[in-house]
Amino acid sequence: QVQLVESGGGLVQAGGSLRLSCAASGSISGFNAMGWYRQPPGKQRELVAVIDSAGMTNYADSVKGRFTISRDNAKDTVYLQMNSLKPEDTGVYYCNLLGRGQGYLPWGQGTQVTVSS
């Protein structure tokens, strides 16, 4: 089964940027859509960005205009460019499928993003 490894998180000041990567151990070209999720401290995991196989994207209102999701099928990697970061963006970020027809892959360890004010 395909495994996911997230990276690129860190500590950044408000207004800063980070680029997250999600590397898959196998091909992602067969997946209809993939998403980035985040889990703020003490809260449930939430979906923040989606990209489908045609490259169409969708975002949660809280990140729209600041985050950009992309995928490189040749590298089996999904990215999340995060700009104008806010303290409320703090959390552990994960990538995965959308839990619909193709279900979910095993969750990776995630990558911690901490935004200081």
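Criteria and thresholds
Residues numbered from 1 in each chain as written. Predicted model: local features only at pLDDT ≥ 70, side-chain atom pairs only at ≥ 80, totals over all residues. Heavy atoms only, no water. Buried < 20%, exposed > 50% of the residue type's maximum accessible area, 1.4 Å probe, protein only. Helix = DSSP H or I, 4+ residues; strand = E, 2+ residues; numbered from the N terminus. Pairing = 2+ DSSP bridges. Core = buried A, V, L, I, M, F, W, Y, C linked by side-chain atoms within 4.5 Å. Axes fitted to C-alpha atoms, helices over the stretch in contact; angles between N-to-C directions.

So, on to the pairing of strand β3 (residues 18-24). Within β3, five of the seven residues are buried, which leaves the element mostly enclosed by the surrounding structure. The pairing of strand β1 (residues 4-7) with β3 spans four bridges and is antiparallel. The residue bridging L4 from the neighbouring strand is A24, located in β3. Note that β3 and strand β8 (residues 77-82) share six bridges and pair antiparallel. Within β8, the position partnered with C22 by the bridge is V78.

For the rest of this paragraph, the subject is the nonpolar core. Membership of the largest hydrophobic core comes to 28 residues, with the highest contact counts inside it found for L4, W36, I69, L80, M82 and Y93. A per-element tally of this core places β3 first, with four residues.

Take the sheet that holds strand β7 (residues 67-72) next. The sheet built from four strands is open, its strands ordered β1-β3-β8-β7 with antiparallel pairing. Each end of this open sheet is capped by a strand with a single partner; those strands are β1 and β7. For this sheet, the mean inter-axis angle between neighbouring strands, taken without regard to orientation, is 15 degrees.

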